[in-house]
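# Geometric and topological summary
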Amino acid sequence: MNAPRPKVRIATTSLAGCFGCHMSFLDIDEHLFELVELAEFDRSPLTDIKHCGPCDIGLIEGGVCNAENVHVLREFRRNCKTLIAVGACAINGGLPAQRNHLDLEACLREVYMSREGLGEGGVPNDPELPLLLDKVRPIHELVRIDYFIPGCPPSGEAIWKFLTDLIAGRTPRLSYPMMHFD
Ligand code: SF4
């Protein structure tokens, strides 16, 4: 009798994103049952694992807006054989990058010091809070990325096709109708 095929280990995370790409991942619906036969999850919103360990595939949603994002992204790159940028925010900064043309300090003052009920009159500076970067960066500016799945968000169908190609050892390919650019 053939030994069962070892499961592929997958990690996912959201950096400066809205979790919409993760919601789209869950849109693979009944394929989730197939996926749990083929794969197990490391760090992900689907588990309570706090750090990414050695994995076959890492899926990153969101760009990089603070020091913690940098740390998490580098941890994923060190541990994942194949790293995939999922969605517009990971690929080009997306919506969070709209702050890139604003002065960060002015932006923080406007949010926390000009409006009642926020920040008790000051910009939050608890040392536990991750330091903000001056600009929101796409993830390929910090680490090498193996694949990109465009869309805001990419469809569940596209994410499923990508994953099943990779798990089967094929180079992932999306047909044109599966590609979203909005
Ligand atoms: Fe959300 Fe769109 Fe960014 Fe995905 S690409 S994290 S859906 S804003």
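Residues numbered from 1 in each chain as written. Predicted model: local features only at pLDDT ≥ 70, side-chain atom pairs only at ≥ 80, totals over all residues. Heavy atoms only, no water.

## Focus: the sheet that holds strand β1 (residues 8-14)
The sheet built from five strands is open, its strands ordered β2-β1-β3-β5-β7 with parallel pairing. One side of each edge strand has no neighbouring strand; the edge strands of this open sheet are β2 (39-41) and β7 (147-149). Neighbouring strand axes in the sheet, compared pairwise and without regard to direction, differ in orientation by 30° on average. Bridge count for β1 against strand β3 (residues 55-61) is five bridges, and the pairing is parallel. Its bridge partner lying in β3, A11 is registered against G58. Contacting β1 and β2, helix α2 (residues 31-38) runs over the sheet at an angle of about 90° to β2. (Pairing = 2+ DSSP bridges. Helix = DSSP H or I, 4+ residues; strand = E, 2+ residues; numbered from the N terminus. Axes fitted to C-alpha atoms, helices over the stretch in contact; angles between N-to-C directions. Contact = heavy atoms within 4.5 Å.)

## Focus on the packing of aromatic side chains
Summed over all chains, the structure comprises two aromatic pairs. The interplanar angle of 50° and the centroid separation of 6.2 Å between the aromatic rings of F25 and F41 together place this pair among those described as tilted. Taken together, the residues F25 in helix α1 (residues 20-26) and F41 in strand β2 connect sequence positions 16 residues apart. Of the two residues examined, F25 and F41, each falls in the buried class. When the centroid spacing of 5.6 Å and the interplanar angle of 80° are considered together, the rings of Y147 and F162 count as edge-to-face. Of the two residues, Y147 sits in strand β7 while F162 sits in helix α6 (residues 156-167), which places them 15 residues apart along the sequence. (Phe/Tyr/Trp six-rings, centres within 6.5 Å; stacked < 30°, edge-to-face > 60°. Buried < 20%, exposed > 50% of the residue type's maximum accessible area, 1.4 Å probe, protein only.)

## Quick notes on the layout of surface pockets
Considered as a void within the structure, the largest pocket measures approximately 320 Å³ in volume. Lining the largest pocket are 14 residues, with V123, P124, L129, P130 and L132 sitting closest to its centre. Its residues placed into classes, the lining of the largest pocket shows 11 nonpolar, two polar and one charged. (1 Å grid on protein atoms, 1.4 Å probe; cavity = no way out; pocket = protein on both sides within 12 Å on 5 of 7 lines; lining within 4 Å. Points joined across faces, edges and corners; volume = space filled by probe spheres on them. Nonpolar A, V, L, I, M, F, W, Y, C, P; charged D, E, K, R; others polar.)

## Regarding the site of the ligand
With respect to spatial proximity, the complete set of residues near the ligand consists of G17, C18, G20, C21, E61, G87, A88, C89, G151, C152 and P153. Elements with a contribution of two residues or more to the shell around the ligand: α1 and α4 (88-92). (Near = heavy atom within 4 Å.)

## Quick word on the nonpolar core
In terms of nonpolar packing, the biggest core is built from 22 residues, with I10, F25, L35, I57, L59, I84 and L163 touching the most fellow members. Residue assignment for this core shows that the elements contributing at least two residues are β1, α1, β2, β3, β5 (80-86) and α6. Per-element tally for this core: the top contributor is α6, with seven residues. Filtering out sequence-adjacent residues up to four positions away, I57 remains in contact with V8, R9, I10, A11, C80, T82, I84, L163, L166 and I167. (Core = buried A, V, L, I, M, F, W, Y, C linked by side-chain atoms within 4.5 Å.)

## What to know about the side chain of S14
One can find S14 in strand β1. Once residues lying within four places of it in the same chain are set aside, the contact partners of S14 are F19, H22 and E61.

## A closer look at a nonpolar patch on the surface
A grouping of M23, L26 and L46 is seen on the molecular surface, where their side chains present a nonpolar patch of about 270 Å² in accessible area. Tracing the backbone through its elements, the reader meets L46 in the loop between β2 and β3. Here L46 falls in the partly exposed class, since its relative accessible area comes to 45%. (Patch = residues over 30% accessible without salt bridge, like charges linked within 9 Å, V, L, I, M, F, W, Y side chains within 5 Å. Areas by Shrake-Rupley, 256 points an atom, 1.4 Å probe, with all protein chains shown as cover. Salt bridge = Lys/Arg side-chain N within 4 Å of Asp/Glu carboxyl O.)

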